[in-house]
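# Residue-level structural notes
Chain by chain, the residues:
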Amino acid sequence: MSEKDTATEKITTDAMANPSPAKSMGDPGITPLSPSHNQQSDTDQVQTEPSFMVVVAIDFGTTSSGYAYAFTKEPECIHTMRRWEGGDPGVSNQKTPTTILLTPDRKFHSFGYAARDFYHDLDPSESKQWLYLEKFKMKLHTTPNLSIDTDLHAANGKRVKALDIFAYALAFFKEQALKELSDQTGGEFDNNDVRWVITVPAIWKMPAKQFMREAAYKSGLVSRDSPEQLIIALEPEAASIYCRKLRLHQMMDLGMQTTQNGFSPNDNVGSGMTQVSPGHAKEHVRRNRQSRTFLVENVIGELWSELEEGDRYVVVDCGGGTVDLTVHQIRLPEGHLKELYKASGGPYGSIGIDYEFEKLLCKIFGQDFIDQFKIKRPAAWVDLMIAFESRKRAATPDRTNPLNINLPFSFIDYYKKFRGHSVEHALRKSNVDFVKWSSQGMLRMSPDAMNSLFKPTIDHIIQHLTELFEKPEVSDIKFLFLVGGFAESALLQQAVQNMLQGRSRIIIPHDVGLTILKGAVLFGLDPSVIKVRRSPLTYGVGVLNRFVEGKHPPEKLLVKDGTRWCTDVFDTFIAADQSVALGEMVKRSYTPAKPSQQVIVIHVYCSEKESVGFISEHGVKKCGTLRLDVSGTESTAPRREIQTLMQFGDTEIRAMAVDVSTGRTVKASIDFLSH
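Residues numbered from 1 in each chain as written. Predicted model: local features only at pLDDT ≥ 70, side-chain atom pairs only at ≥ 80, totals over all residues. Heavy atoms only, no water.

### So, the overall build of the protein
As a reminder of what qualifies: Every helix listed is a DSSP run of H or I at least four residues long, and every strand listed is a run of E at least two residues long, numbered separately from the N terminus. Burial classes: relative accessible area under 20% of the type maximum marks a residue as buried, over 50% as exposed, and values in between as partly exposed (1.4 Å probe, protein chains only). Residues count as neighbours in contact if any of their non-hydrogen atoms are within 4.5 Å of one another. Only the protein chains shown count as cover for residues, and the accessible areas themselves come from Shrake-Rupley with a 1.4 Å probe.
Secondary structure summary: the protein contains 19 helices and 33 strands in total. Among the 675 residues that make up the protein, the fraction classed as buried is 56%. Within the protein, contacts between residues separated by at least 24 positions form 71% of all contacts whose residues are at least 6 apart in sequence. Total accessible area on the protein is roughly 28,700 Å²; 50% of this is exposed by carbon and sulfur atoms.

Here it is, written out as structure tokens:
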């Protein structure tokens, strides 16, 4: 049986299981008039660009966040935000933790270190009333039916609306950035002069991107009337744009030489590029942290000058929550970028290591105790995780001495009350032999124990990279750029190096945690630098087509006014992994089912499969709605034609529509958040 037959058979069984979606959902009988694919030239786009005085990018991360900006008059100067109050020993604070605190009556109180420190200093009886949230960004990636009403859980177990939390955080950044800009320019800085850029992982689906935009509207960052004031940037793309500007002294090349044991720090290859072992890498990074203004060369960086037309490179963005892999190809002479393979990755960020640590604590002290401790002593739990964070950063492949983690006094105290015996007793009894108790009140972990906490997360990343490098589009990769906060981990660096076996050069920018932030500013200054992207999914709509005997399955037959139609046909707008140029439009014409119809609602479906025949096929999901508001455009034409243009080449999908007979613009919007 050919592939087509199996597909038809699958449809038949599916259709019997659930009646035709088009009939059941009351889809207006939309017949496509003229499907066509229309390429718009770049010149059409240029005139509409509004002018802004400054671009401010917000890197809203899972574990840490920050902003940076550049004035459009001096695009080569990127300023990163002022130093934050607070900070942790052993952790550099160029960004602030993504933590937020609400008062007991759910009003915004503070963000970042300020939120954490205030929460920590509250009396335990009081702190139960306050709402403290951290690492909440992952919820947007992991929620299957993300909507405006999705909830988050605060540390005390209470539920809050995710949209409120994201809006509070963006409002906080808006206030901080405008304050700093006002100080810089010596006058009240007007928000209308700012183009805002918010970064999101490339593997996020459309609902999550739209959620960020909704939060920005709610926070007052931009208004619904001027959506173009906000650009959603994809994190690895931003990193890619920044990496093009790197000078040799602004990065390190993880040894082009491969020695048996991984590294030989003394071999310094005379390429003018700093070659260092992961252990020594930290020093370089620290020395470069002093200045807050970065000069970006207008010319292309030296590394880039080694790239020729058609060269390919991979950006691996390892953050707190997700890991994003993007494959880009260089197009000369302007150095534009073209995406070669759709973004991939997954929830393999550094918080996976925190979860492993939590599992280890559960194994030693019991899940029941840890669950109770987190609710009853939430501030002490936060303390414990901060202590773990700084030790986590001290893990290296060649470390021999143990790592000590301070246990908060209330942990030791509460455990004794809860179990009736000491923490020391629990450790002896637990038969976890690589974690010991030190008399100074610390957990003492052997380096192997710490490294084993990294293993599941790093294994995921390496497996993903291995699969990516097996794809035909991903052969002959010249460079692999390792960026994002987790890229500082020597254990991850070594694993990537061992996997690649010298197939590509591994480049790590010095200020690796700020790479995305700076790239996002550059992207805001020139969003057209990425010329070709790949669609992550197949998108289309369900339509009626003329029924053809022998071609269409009989159960899809619908007879309407004597005409035989085939229902549920999937009209593909764009296929998964299809390349789309910036500004490229997919054009479709629709006609209202009844002349009196005021609003046309068209359901948009998506699938991970490249070719889809019917919307009832397995794996096809309804993912959004396209609304065309045709009220007030009544016309005398016997058959009204609404021409719809959809743009897929950008970081977000946009729709526009025109009533052909009157030439009037029809209000069109495409919505991916399930209601």
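### So, unusual backbone geometry
In this structure, aspartate 561 is a non-glycine residue whose phi angle is positive, near 50 degrees. Relative to the helices and strands, aspartate 561 is located in the loop between strand 25 (557-560) and strand 26 (563-574). On the accessibility criterion, aspartate 561 (78% relative accessible area) is exposed. If you check the backbone angles, aspartate 568 has positive phi at about 65 degrees while not being a glycine. With respect to the helices, strands and loops of the structure, aspartate 568 is situated in strand 26.

### A word on the packing of aromatic side chains
Put simply, the test is: Ring geometry is summarised as follows: Phe, Tyr and Trp rings, the Trp one being its six-membered ring, pair when their centres sit within 6.5 Å, and such pairs are stacked at plane angles under 30 degrees, edge-to-face over 60 and tilted between the two. In this analysis the charged atom, NZ for Lys or CZ for Arg, is taken to sit over a ring once it is within 6 Å of the ring centre and within 35 degrees of the ring normal.
Tallied over the full model, the rule gives 31 aromatic pairs. The interplanar angle of 35 degrees and the centroid separation of 6.5 Å between the aromatic rings of phenylalanine 454 and phenylalanine 486 together place this pair among those described as tilted. Pair noted here: phenylalanine 454 is in helix 17 (residues 447-469) and phenylalanine 486 is in the loop between strand 21 (477-483) and helix 18 (490-500), with a separation of 32 residues, a long-range link. Each member of the pair phenylalanine 454 and phenylalanine 486 is classed as buried. Pairing phenylalanine 573 with phenylalanine 648 gives two aromatic rings, centres 6.3 Å apart and planes at 50 degrees, and the pair type is tilted. Residue phenylalanine 573 is found in strand 26, and its partner phenylalanine 648 is found in the loop between strand 31 (642-647) and strand 32 (654-659); the two are separated by 75 residues along the sequence. One exposure class covers both phenylalanine 573 and phenylalanine 648, and it is buried. Feature note: the residues Phe365, Phe369, Phe373, Phe411, Tyr414, Tyr415 and Phe418 constitute an aromatic cluster, connected by ring pairs. We note arginine 546 situated over the ring of tryptophan 565; from NZ or CZ to the ring centre the distance is 5.1 Å.

### Looking at the pattern of salt bridges
Note the following rule: We define a salt bridge as a side-chain nitrogen of Lys or Arg found within 4 Å of a carboxyl oxygen belonging to Asp or Glu.
Scanning the entire structure with this criterion turns up 27 salt bridges. For the salt bridge of lysine 374 with glutamate 358, the shortest nitrogen-to-oxygen distance reads 2.6 Å. Here glutamate 358 lies in helix 12 (residues 351-365) and lysine 374 lies in helix 13 (residues 367-376), a separation of 16 residues in the sequence. By relative accessible area, which is 23% here, lysine 374 ends up partly exposed. With its nearest N and O atoms 2.9 Å apart, the salt bridge here joins arginine 393 to glutamate 389. For arginine 393, a relative accessible area of 34% gives the class partly exposed. Each member of the salt-bridge network shares a partner with another, and the members are Lys135, Asp354, Glu389, Lys392 and Arg393.

### Regarding the sheet that holds strand 6 (residues 99-102)
Counted only if it meets this: Two strands qualify as a pair provided DSSP detects at least 2 bridges between them. Note on method: axes are straight lines fitted to C-alpha atoms, helices fitted across the in-contact stretch only, with angles between N-to-C directions ranging 0 to 180 degrees.
Reading across the sheet, the three strands line up as 7-6-8 and stay open at both edges, with antiparallel pairing between neighbours. This sheet does not close on itself; its edge strands, each paired only once, are strand 7 (108-111) and strand 8 (131-134). Here the average twist between neighbouring strands, direction ignored, is 20 degrees.

### Side note on the packing of helix 12 against helix 14 (residues 378-392)
Threshold: Put simply, angles under 35 degrees are roughly parallel, angles over 145 are roughly antiparallel, angles from 65 to 115 are roughly perpendicular, and the rest are oblique. Crossing handedness is defined as follows: a turn of the near helix away from the far one that is anticlockwise and smaller than a right angle gives a left-handed crossing, while the clockwise case is right-handed. Under the convention adopted here, Pro, Cys and the residues Ala, Val, Leu, Ile, Met, Phe, Trp and Tyr are nonpolar, Asp, Glu, Lys and Arg are charged, and Gly plus all remaining residues are polar.
Taken N-terminus to C-terminus, the directions of helix 12 and helix 14 make an angle of 120 degrees; their axes are 11 Å apart at the nearest point. Considering their axes alone, helix 12 and helix 14 lie oblique with respect to each other. For helix 12 against helix 14, the interelement crossing comes out right-handed. Counted together, Ile353, Asp354, Phe357, Glu358 and Leu361 of helix 12 and Trp381, Leu384, Met385, Phe388, Glu389 and Lys392 of helix 14 form the full contact between these two elements. Taken together, the residues that form the contact of helix 12 with helix 14 break down as seven nonpolar, no polar and four charged.

### Notes on the sheet that holds strand 18 (residues 403-406)
The strands that make up a sheet are held in pairs by hydrogen bonds between backbone atoms, and each pair lies either parallel or antiparallel. Sheet architecture is open: three strands sit in the order 18-20-19, paired in antiparallel fashion. Each edge of the open sheet is held by one strand with a lone partner, namely strand 18 and strand 19 (435-438). Each adjacent strand pair in this sheet contributes to an overall mean axis angle of 30 degrees, direction not counted. Pairing between strand 18 and strand 20 (residues 442-445): four bridges, direction antiparallel. In the sheet register, leucine 403 faces strand 20, and the bridge partner there is methionine 445. Helix 12 contacts strand 18, strand 19 and strand 20 of the sheet and is inclined by roughly 110 degrees relative to strand 20.

### Some thoughts on the pairing of strand 11 (residues 194-200)
One face of the sheet, then the other: side chains in a regular strand alternate in exactly this way. With seven of seven residues buried, strand 11 lies mostly within the body of the structure. Burial of the side chains of strand 11 extends over both faces: Val194, Trp196, Ile198 and Val200 are buried on one face and Arg195, Val197 and Thr199 on the other. Here strand 2 (residues 54-60) pairs with strand 11 via five bridges, running parallel. What sits directly across from valine 54, in strand 11, is valine 194. Summarising the sheet, strand 11 and strand 12 (residues 230-234) pair through five bridges and their orientation is parallel. Looking at strand 12, one finds that valine 197 is bridged to isoleucine 231.

### Some remarks on the environment of lysine 359
Examined against the element boundaries, lysine 359 turns out to sit in helix 12. According to the relative accessible area criterion, lysine 359 is exposed, its value standing at 52%. Separated by eleven residues in the primary sequence, lysine 359 and isoleucine 370 place their C-alpha atoms 9.5 Å from one another.

### Remarks on helix 19 (residues 515-525)
Taking burial as the measure, the eleven residues of helix 19 include ten buried ones, the bulk of the element. Within helix 19, burial applies to Thr515, Ile516, Leu517, Lys518, Gly519, Ala520, Val521, Leu522, Phe523 and Gly524.

### Structural notes on the nonpolar core
Across soluble globular proteins, nonpolar side chains show a tendency to be buried alongside one another. Put simply, the rule is: Only buried residues count toward a nonpolar core, which is a set of Ala, Val, Leu, Ile, Met, Phe, Trp, Tyr and Cys residues joined through side-chain atoms within 4.5 Å.
Phe365, Leu480 and Phe481 are the most contacted members of the largest nonpolar core, which totals 102 residues. The biggest single contributor to this core is helix 17, with ten residues. Counting residues in hydrophobic clusters, the runner-up holds 49 residues, among them Met81, Leu131, Phe173 and Trp204.

### Structural notes on the pairing of strand 21
As a reminder of what qualifies: Crossover handedness is defined by viewing with both strands directed away from the observer: a clockwise path from the first strand over the helix to the second marks the crossover as right-handed.
Of all the seven residues making up strand 21, six are buried; the element is thus mostly covered by neighbouring parts of the structure. Looking at chain direction, strand 15 (residues 312-318) and strand 21 are connected through six bridges and run parallel. Paired with valine 314 across the bridge in strand 21 is leucine 480. The parallel pair strand 21 and strand 22 (residues 505-509), bridged by helix 18, forms a crossover whose chirality is right-handed.

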